[in-house]
Amino acid sequence: MIVAYLSGHGYGHSTRTAEVLRVLRGLEPQVELTVVTSAPEALYREAIPGPFTYRNLVCDVGLAQQSALAIDEAGTLARWHDFEARRGTLVAIEARWLRKAGARLVLADIPPLAFDAAAEAGVPSVGLANFSWDWIYAHLARRQPPFAELAARAADAYRKASLLLELPFAGDLSAFPRRERIPLVARKPRVPRAEARRRLALDSRASVLVSFGGLGLPGFDARVLGALGEYVFLLGDECPPAVAPNVAPFDRRRLGHLGLRYEDVVGAADVVLTKPGYGIVSDAIGAGTRLLYTDRGDFPEYPILVEEMARYLPAAYVSNDDVMQGRLGSVLTAVLAQQPRQAPDIEGARVAARRLLDLLG
């Protein structure tokens, strides 16, 4: 059995690890899988074929968010103090569960708890990540010294890892004693672009997918998009209902009825408006879709993604204020005028899946 522990912070950890498990299930259908996370079970049921066990557990602290664009540092510290008070008990519980379940390998993206529990249970552990929480917390500690304790605690756990599969757009992952670089893990649309657009009832106008990782944009009034009638805006679960003729809301249930997945919507869109995160950036690369990105607070992954993603897809910057006010016309024109980039190697899921199977023996 492979047991995957996933951070519930955003959807990127879930989507990329679910893609690895999907490919692994295709290569070796008989391998038992368990997913342990606080992220929605539906993300995994949609992605991974066949049976697997889902356990709902808050595996790590991650970052508390005021919104998709703002980190709640005080809330994060409070959450960590509560988690740390229970950490020893949680590690013991998970270690006992791993032994009882017959786990042979732990995959983690990227909760420190998983490595502590695996070490106590005597089970090999493999990380999958482009950043780790010790690096994030050490960055925040420059301004908020209490984060240094969080960084040290996370690094201690990561040192117990048997291996880290290091993804592109990587930050400082030096806490892991053994690392192997792999290509980009990226979802690709499964429905052709023209067919996906037909199912979504999109016309010939350029379409813009508004995607903020399920966290939403508090205070955003989608009526401001009505002035941009030359575009159609696709607004997902985190956005309000249609408020203008060119605003097309959708939710996961509607996509299911249409036989579409989120990555198909990314492929149907001409542009994705988002905050840069590994999940949505890799989805856009996998679909060959342009990116319009905005700021996301003091998050050290941001400048790495901004610098490197421009090599892989057309991208343009828009300020938070311009997003909130709907001042998008000129930047949309600019990003649509950019030429597509040469597609990178996006077979990281297959590489990772084969490596995990090798480790299983």
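Let me sum up the structure you'll find in this document. One numbering rule holds for all chains: residues counted from 1, following each sequence as written. Only residues with pLDDT of at least 70 get local features here, since the model is predicted, and only at 80 or more are side-chain atom pairs given and counted; chain-wide, interface and lining totals rely on the full set of residues. Heavy atoms from the whole structure form the basis of all side-chain values; hydrogens and water molecules are not counted.

## Quick word on the overall build of the chain
Basically, it comes down to this: Working definition: helices are DSSP H or I runs of at least four residues, strands are E runs of at least two. Numbering for both runs from the N terminus. The globule rule used for comparison is 2.2 Å times the number of residues to the exponent 0.38, while the radius of gyration itself is calculated over C-alpha atoms. Exposure classes here rest on a 1.4 Å probe applied to the protein chains alone. A residue is buried below 20% of its type maximum, exposed above 50%, and partly exposed in between. Residue contacts are counted whenever heavy atoms from the two residues lie within 4.5 Å of one another. Exposure was quantified through the Shrake-Rupley algorithm and a 1.4 Å probe, taking into account, for residues, occlusion by the shown protein chains and nothing else.
A count of helices and strands for the chain gives 14 helices and 15 strands. Its C-alpha radius of gyration of 20 Å places the chain within 12% of the 21 Å reference for a compact globule of 361 residues. Based on the C-alpha atoms only, the size of the chain along its principal axes is roughly 60 × 45 × 35 Å. By the burial criterion, 57% of the 361 residues in the chain qualify as buried. Considering only residue pairs separated by 6 or more positions, the chain has 64% of its internal contacts joining residues 24 or more positions apart. Looking at the chain as shown, the accessible area adds up to about 14500 Å², and 51% of this sits on carbon and sulfur atoms.

## Concerning the sheet that holds strand β13 (residues 271-274)
Quick note on the threshold: We call two strands paired when DSSP finds no fewer than two bridges between them. To define axes, lines are fitted to C-alpha atoms, for helices over the stretch in contact only, and angles between the resulting N-to-C directions are given on a 0 to 180 degree scale.
Judged by pairing direction, the sheet is parallel, and its six strands sit side by side in the order β12-β11-β10-β13-β14-β15 without closing on themselves. In this open sheet, the two strands that pair with only one neighbour each are β12 (247-249) and β15 (315-317). Sheet twist, expressed as the mean angle between neighbouring strand axes with direction ignored, is 25°. Where strand β10 (residues 206-211) lies against strand β11 (residues 231-235), five bridges are found, and the strand directions are parallel. Across the sheet, residue V208 finds its bridge partner in β11, namely F233. Where helix α11 (residues 301-309) meets the sheet, its contacts fall on β14 (290-293) and β15, and the angle it forms with β14 comes to roughly 145°.

## Concerning the side chain of R290
Basically, it comes down to this: We count Lys and Arg on the positive side and Asp and Glu on the negative side, and we leave His and both chain ends out. A pairing counts as a salt bridge when a side-chain nitrogen of Lys or Arg comes within 4 Å of a carboxyl oxygen of Asp or Glu. In the analysis that follows, any N or O atom pair within 3.5 Å is treated as a polar contact, provided that within protein one partner can donate a hydrogen and the other can accept it, and provided that, for residues neighboring in sequence, both atoms belong to side chains.
On the secondary structure map, R290 appears in strand β14. Summary of buried charges: R290 has no salt-bridge partner, and the nearest side chain of opposite charge, D270, is 6.2 Å away. Of note is the side chain of R290, whose polar atom sits 2.9 Å from the backbone oxygen of V335. Side-chain polar atoms of R290 contact the backbone oxygen of Q338, separated by 2.5 Å. Setting aside anything within four residues of it in sequence, one finds R290 in contact with D270, V271, V272, P314, V335, L336, Q338, Q339 and P340.

## Focus on the pattern of salt bridges
Using the criterion set out here, one finds 30 salt bridges in the structure. Two residues, R181 and E166, come together in a salt bridge whose shortest N-O distance is 3.5 Å. In this pair, R181 is assigned in strand β9 (residues 179-181) and E166 in strand β8 (residues 163-166), connecting sequence segments 15 residues apart. Under the relative-accessibility criterion, R181 is labelled exposed at 75%.

## Focus on helix α6 (residues 147-158)
Quick note on the threshold: Every helix has an expected span of 1.5 Å times one less than the residues it contains.
Spanning twelve residues, α6 covers 17 Å between terminal C-alpha atoms, matching the ideal 16 Å at 1.5 Å per step. Residues F147, L150, A151, R153, A154, A155, A157 and Y158 constitute the buried set of α6. Residues of α6 that are buried make contact with α3 (73-101), α4 (112-121) and α5 (133-141).

## With respect to the packing of α5 against α6
Threshold: The cut-offs work like this: below 35 degrees is roughly parallel, past 145 is roughly antiparallel, 65 to 115 is roughly perpendicular, and the gaps in between are oblique. It is the rotation of the near helix from the far one that decides the hand of a crossing: anticlockwise by less than a right angle makes it left-handed, clockwise makes it right-handed.
Axis separation between α5 and α6 bottoms out at 8 Å; the angle between their running directions is 160°. As judged from the angle between their axes, α5 and α6 are roughly antiparallel. You can see that α5 and α6 cross each other, and the crossing is left-handed. Between α5 and α6, the residues in contact are W133, D134, Y137, A138, L140 and A141 and F147, A148, L150, A151, A154, A155 and Y158, respectively.

## Considerations on the pairing of strand β7 (residues 125-129)
Note the threshold: With strands facing away from the observer, any crossover in which the path from the first strand over the helix to the second runs clockwise is taken as right-handed.
Among the five residues in β7, five count as buried, and that is most of the element. Of the two faces of β7, the one lined by S125, G127 and A129 and the one lined by V126 and L128 are each fully buried. Taken together, the three bridges between strand β6 (residues 105-109) and β7 define a ladder with parallel strand orientation. The residue of β7 that forms the bridge with L107 is V126. Crossover connection from β6 via α4 to parallel β7: handedness right-handed. Here four bridges tie β7 to β8, and the two strands are oriented parallel to one another. Residue pairing for β8: L128 is matched across the bridge by L165.

## Structural notes on the nonpolar core
Put simply, the rule reads: Buried Ala, Val, Leu, Ile, Met, Phe, Trp, Tyr and Cys residues form a nonpolar core when they are joined through side-chain atoms within 4.5 Å.
Membership of the largest hydrophobic core comes to 112 residues, with the highest contact counts inside it found for Y44, I48, W133 and L209. By residue number, the principal contributor to this core is α3, which donates seven residues. Discounting residues that sit within four places of it in the chain, W133 has contacts with S7, H9, H13, D60, G62, L63, I110, P112, A154 and Y158. One finds V210, V247, V271 and V335 within the second-largest nonpolar core, a separate group that totals 24 residues.

## Concerning the packing of aromatic side chains
Threshold: Any two rings among Phe, Tyr and Trp, with Trp reduced to its six-membered ring, count as a pair given centres within 6.5 Å; such a pair is stacked if its planes are under 30 degrees apart, edge-to-face if over 60, and tilted if neither. Lysine NZ or arginine CZ positioned within 6 Å of the ring centre and within 35 degrees of the ring normal marks a charge as sitting over the ring.
Under the defined criterion, the tally for this structure stands at 13 aromatic pairs. Ring centres of F131 and W133 lie 5.3 Å apart, and the angle between their planes is 75°; on these two criteria the pair is classed as edge-to-face. Its relative accessible area of 4% is what places F131 among the buried residues. Under the relative-accessibility criterion, W133 is labelled buried at 1%. Connected via pairs of aromatic rings, a cluster forms that spans F131, W133, Y137, F147 and F299. The positively charged end of R16 is found above the aromatic ring belonging to Y278, 4.6 Å away from the centroid. Across the ring face of W97, the terminal group of R55 is positioned such that the distance to the ring centre comes to 4.2 Å.

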